[in-house]
Amino acid sequence: MPSSRGNTKMPKTLFEKIWDAHVVTQPDGGPALLYIDLHLVHEVTSPQAFEGLRLTGRSVRRPDRTFATMDHNVPTDNPFDVKDPIAAKQITTLAENCREFGIPLAGLDSPDQGIVHVIGPELGLTLPGKTVVCGDSHTSTHGAFGALAFGIGTSEVEHVLATQCLWQKRPQTLQLDLQGTRAPGVTAKDVILGVIAQHGVSFGTGYVIEFTGPVVRAMSMEERMTLCNMVIEGGARAGLVGPDETTFAYVRGRRYAPADSEFDRYVEAWKALNTDEGATYDRVIQFDVSDLEPQVTWGTNPAMCVGVNGTVPDPSQYDNEVERKAVEQALQYMGLKPGTPIQDIEIHHVFIGSCTNSRIEDLRVAAEVVRDRKVAPGVRALVVPGSKRVKEQAEAEGLHEVFKSAGFEWRESGCSMCLAMNPDTVPAGERCASTSNRNFEGRQGRGARTHLVSPAMAAAAAIAGRFVDVRKLMTSYQTS
Amino acid sequence: MEPLVRHRGKVARLNRVNVDTDQIIPKQFLKRVERSGFGQFLFYDWRFRPDGSINPEFELNQPQYSGASILVAGANFGCGSSREHAPWALLDYGFRIIIAPSFADIFYNNCFKNGILPIVLSQAEVDDLMEKALAPGYELEVDVERQTVTDGHGWVSTFSVDEFRRNMLLKGLDEIGLTLQYEAAIAEYERKRESLQPVL
Ligand code: SF4
């Protein structure tokens, strides 16, 4: 254990403990060569990396620390019917590469298949204290377990395949202390959107964010994953939550987690990972969640966001010219007028899915809102479970029937409408209430207008055909 | 990778903040399995109208910027996804230098792996260059070794890049080759980890 192995008694943060335990070497005070425990691979950012290995005659150093799946390109109506020939090529290329280099693959026909950031935790691959990378920026999700997890580019994918290491400059640490009490109906998604709305899309650049405080302690693993998933939208490559009983209970019994016989020994070590009393961060942000409402984005980045009882802002209220121009551009793209109440915005599409919000708990919350109601006329609504296992579990609980009888489409697992790389897209000029993480121009299709919301809010929007405060729809919320 | 020691080139401006990688290369073009050929899709939704014709209003489509190899952009350039297709597209289009007040982390890092130099200058300096780049044919010269940018007409600035990355750029080094020189240290680390029982 690194904390007791170190010869100084300096208190350390969770980040520092994981980092220090993974430095292989650090020549001349330059970047550190960091050892990677788990490398997750998907079909879009890996083909050029494997090609690079072939061209240089290199092999994969630790196929046993590598795990691949297919998610971005997969058609969610029928995963085996990939009509786009180039998407099909990426999918078959990954299968061939995994075969050639001996990498375990959860392919389209595997019961383990799903969005890479859903299946890592689900299979027990993601564990506290590990370093986890993937050629995908939302790798930050895995930080919910107290793992140091961050996204990398394709050159780095190749580098990790070949060496199981990465050259990394030590990032700074930021403590995001979540205080207060969440009002009923305010989810982890609303918390992270609220933070980004207040601090902007780049406040986390150069930092690893550790979430602390009673709010995050009370969150489930699913909620913590939603928080960490979106730290990249605030500029941070990684988010962290110190491992606790909630973490251990989630991990126990999963396929690649330590066996029951040794589990307690691991738990002791994992507990010791938590930030020591007296350890300091480079920066501290306090955020009180008590007054937070369910959030809805109105613009083209996740910070362009307001409470559901708010209105679309007026560009003329911005002093900074660049900002004003950005808001003007966003409103033009989104087809919105300044001052419009959020609840007057009509939507045509609803997407419940993505690595942010497609886990069983997300589907349960959405189903609760939808139960015994109908999707508004003219609205196309999709539920896309994050993995085959999530889908199975939801079906065992009858959630699919709740969604289907309300008029939702019930799909196979994949990234789906989170990004327009598979047949699920939003047509130009149309509006989508989406539980995904990015509302960039064109993210869901050229000209598509994305509003990011929580699963509960997306479900409510599907029923109403416009944004509504989900709290008005949920009797359980009203009485609790 | 081609070494980058000194570079002189025409400057194009893109006066927008938070330009994300979805804009730099829209996802419908990520499906290739090669690294090359992405330049034609750079800023696709901005460069081209929905019917495929050129959008004359987009900055880079202005004739004076054709052949530019230095891009000046607003803050937080390259935010969003980790896709390395973004630097591939910029490089393939012809950009070797990108100047902005700040960059997103993953994008910044990805640039170096492809021989692109992202330069951070102050907001005031970037504003200045935005003005200057309005003049047709405005050029800058970047010296990677001395970490300077100059237009040869009195405008000079310095920047800093960490030594490791600068060295990789200057020599056009293959990073994996470099790392493999530490193979013994990696193997030793793995032995230690596994004998300690792989808790951490
Ligand atoms: S669901 Fe969306 S954000 Fe998540 S991995 Fe897939 S494409 Fe990326």
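## Some words on the pattern of salt bridges
Tallying each qualifying case throughout the model produces 48 salt bridges over all chains. A salt bridge links A:Glu409 to A:Arg380; its shortest N-O distance comes to 3.6 Å. Here A:Glu409 is found in strand β17 (residues 409-410), whereas its partner A:Arg380 is found in strand β16 (residues 380-383), with 29 residues between them in sequence. A relative accessible area of 29% means that A:Glu409 is categorised as partly exposed. Where salt bridges share partners, they join A:Arg61, A:Arg62, A:Asp64, B:Glu183 and B:Glu190 into one cluster.

## What to know about the sheet that holds strand β11 (residues 238-241) of chain A
Paired through backbone hydrogen bonds, the strands of a sheet run either parallel or antiparallel to each other. Residues and elements named next belong to chain A. Pairing is parallel across the open sheet formed by 4 strands, whose spatial order is β11-β10-β9-β12. Each end of this open sheet is capped by a strand with a single partner; those strands are β11 and β12 (283-288). The mean angle between the axes of side-by-side strands here comes to 25°, regardless of whether they run parallel or antiparallel. In terms of strand pairing, strand β9 (residues 172-179) meets β12 through 6 bridges, oriented parallel. Across the sheet, residue Gln175 finds its bridge partner in β12, namely Val284. Those strands touched by helix α9 (residues 221-229) are β9, β10 (207-212) and β11, and its axis lies near 150° from that of β11.

## Comments concerning the pairing of β16(A)
Residues and elements named next belong to chain A. Pairing geometry for strand β15 (residues 349-352) and β16, over 4 bridges, is parallel. For His349, the partnering residue across the bridge sits in β16 and is Arg380. Handedness of the β-α-β unit built from β15, helix α13 (residues 360-370) and β16 comes out right-handed. Pairing between β16 and β17: 2 bridges, direction parallel.

## Brief notes about the pairing of strand β1 (residues 6-14) of chain B
In this sheet, strand β5 (residues 139-143) of chain B lies alongside β1(B) in antiparallel orientation, the contact comprising 5 bridges. Counterpart to B:Gly9 in the pairing with β5(B) is B:Leu140.

## Observations concerning the confidence of the model for chain A
Taken as a whole, chain A shows an average pLDDT of 95; of its residues, 97% reach a score of 70 or greater. pLDDT under 50 marks residues 1-6 of chain A. Its contacts with residues more than four places away, or in other chains, come to 8 contacts.

## Section: the nonpolar core
Of all hydrophobic cores here, the largest spans 112 residues; its most connected members are A:Phe408, B:Phe43, B:Phe77, B:Leu90, B:Ile99 and B:Leu117. Here the element with the most residues in this core is helix α16 (residues 455-464) of chain A; it accounts for 8 residues. Those residues in contact with B:Phe43 that sit more than four places away from it in its chain are B:Leu14, B:Val19, B:Gln23, B:Ile24, B:Phe58, B:Leu60, B:Leu71, B:Phe77 and B:Leu90. Counting residues in hydrophobic clusters, the runner-up holds 80 residues, among them A:Met70, A:Val74, A:Ala188 and A:Met230.

## Observations regarding the sheet that holds β16(A)
All names here are of chain A. Pairing in this open sheet of 5 strands is parallel, and the strands run β17-β16-β15-β18-β19 from one edge to the other. A strand with exactly one partner marks an edge of an open sheet, and here the two such strands are β17 and β19 (449-452). Packed on one face of the sheet, helix α12 (residues 321-334) meets β18 (431-434) and β19 and runs near 110° to β19.

## A few points about the interface of chain B and chain A
Counting residues at the interface gives 61 residues for chain B and 73 residues for chain A. For the pair chain B and chain A, the summed buried surface comes to about 5,400 Å²; carbon and sulfur atoms form 56% of the total. Applying the counting criterion to the chain B and chain A interface returns 28 residue pairs in polar contact (both at pLDDT 80 or more). Sorting the residues of the side of chain B that touches chain A by element identifies α1 (21-24), α2 (44-47), α3 (85-93), α4 (105-112), α6 (163-171), α7 (175-180) and α8 (183-195) of chain B as the ones contributing at least two each. Top element by residues in the side of chain B that touches chain A is α8(B). It accounts for 8 residues.

## With respect to the site of the ligand
The immediate surroundings of the ligand are formed by A:His72, A:Ile115, A:His117, A:Asp136, A:His138, A:Ser354, A:Cys355, A:Cys415, A:Cys418, A:Leu419, A:Asn437 and A:Arg443. Taken together, the residues of the shell around the ligand break down into 5 nonpolar, 5 polar and 2 charged.

## Digging into the packing of helix α3 (residues 47-56) of chain A against helix α4 (residues 85-101) of chain A
All names here are of chain A. Put simply, α3 and α4 touch, their axes get as near as 10 Å, and they point 40° apart. Considering their axes alone, α3 and α4 lie oblique with respect to each other. As α3 runs across α4, the sense of the crossing is left-handed. Across the interface between the two elements, Pro47, Phe50, Leu53 and Arg54 from α3 touch Gln90, Thr93, Leu94, Asn97, Glu100 and Phe101 from α4. Classifying every residue of the contact of α3 with α4 by side-chain character gives 5 nonpolar, 3 polar and 2 charged.

## Thoughts on α16(A)
Residues and elements named next belong to chain A. For α16, a buried count of 9 out of 10 residues is recorded, marking the element as mostly surrounded by other parts of the structure. Tucked inside the fold, the buried residues of α16 contact β13 (295-297), β15, α13, β16 and β18. Downstream of α16 by one or two residues, Gly465 has phi in the positive range, about 75°.

## Points about the packing of aromatic side chains
Scanning the entire structure with this criterion turns up 25 aromatic pairs over all chains. Their ring planes at 85° and their centres at 6.3 Å tell us that B:Phe77 and B:Phe103 sit as a pair that is edge-to-face. Taken together, the residues B:Phe77 in the loop between β2 (70-73) and α3 and B:Phe103 in the loop between β3 (97-100) and α4 connect sequence positions 26 residues apart. Judged by relative accessible area, which is 6%, B:Phe103 ranks as buried. For the ring pair B:Tyr93 and B:Phe95, a centre distance of 5.4 Å and an interplane angle of 20° mean the geometry is stacked. For B:Tyr93, a relative accessible area of 28% gives the class partly exposed. Over the face of the ring belonging to A:Tyr250 we find A:Arg254, whose NZ or CZ atom lies 3.9 Å from the ring centre. Here the guanidinium or amino end of B:Arg16 rests over the ring plane of B:Trp46, the centre of that ring lying 4.1 Å away.

## A look at the state of the cysteines
Tallied over the full model, the rule gives 0 disulfides over all chains. Just so you know, A:Cys98 is unpaired, no disulfide at all, and the nearest cysteine sulfur is the one on A:Cys134, 12 Å from it.

## What about unusual backbone geometry?
Even without being a glycine, A:Asp28 presents a positive backbone phi close to 50°. Looking at the element boundaries, A:Asp28 is found in the loop between β1 (23-25) and β2 (32-35). The phi dihedral of B:Asn18 is positive, around 55°, even though this residue is not glycine. Note that B:Asn18 resides in the loop between β1 and α1.

## Points about the packing of α13(A) against helix α14 (residues 388-396) of chain A
Residue and element names in this part refer to chain A. Running from amino to carboxyl end, α13 crosses α14 at an angle of 40°, the nearest separation of the two axes being 9 Å. Judged by the inter-axis angle, α13 sits oblique to α14. For the pair α13 and α14, the sense of crossing is right-handed. Residue-level contacts link Ile360, Leu363 and Arg364 of α13 to Val390, Gln393 and Ala394 of α14. The residue inventory of the contact of α13 with α14, partitioned by class, reads 4 nonpolar, 1 polar and 1 charged.

## Some remarks on the confidence of the model for chain B
Per-residue confidence for chain B averages 92 on the pLDDT scale, and 97% of its residues sit at or above 70. Predicted as a complex, the structure gets a pTM of 0.92 and an ipTM equal to 0.89.

Here is what the cut-offs are and how they apply
Residues numbered from 1 in each chain as written. Chains lettered and ligands numbered in written order. Predicted model: local features only at pLDDT ≥ 70, side-chain atom pairs only at ≥ 80, totals over all residues. Heavy atoms only, no water. Salt bridge = Lys/Arg side-chain N within 4 Å of Asp/Glu carboxyl O. Helix = DSSP H or I, 4+ residues; strand = E, 2+ residues; numbered from the N terminus. Buried < 20%, exposed > 50% of the residue type's maximum accessible area, 1.4 Å probe, protein only. Pairing = 2+ DSSP bridges. Axes fitted to C-alpha atoms, helices over the stretch in contact; angles between N-to-C directions. Contact = heavy atoms within 4.5 Å. Right-handed = clockwise from strand over helix to strand, strands pointing away. pLDDT = per-residue confidence, 0-100. Core = buried A, V, L, I, M, F, W, Y, C linked by side-chain atoms within 4.5 Å. Buried area = accessible area lost by both parts, 1.4 Å probe. Polar contact = N/O pair within 3.5 Å; in protein donor to acceptor, adjacent residues only side chain to side chain. Near = heavy atom within 4 Å. Nonpolar A, V, L, I, M, F, W, Y, C, P; charged D, E, K, R; others polar. Parallel < 35°, antiparallel > 145°, perpendicular 65-115°, else oblique. Left-handed = near helix turned anticlockwise from the far one by under 90°. Phe/Tyr/Trp six-rings, centres within 6.5 Å; stacked < 30°, edge-to-face > 60°. Lys NZ or Arg CZ within 6 Å of the ring centre and 35° of its normal. Disulfide = S-S within 2.5 Å.

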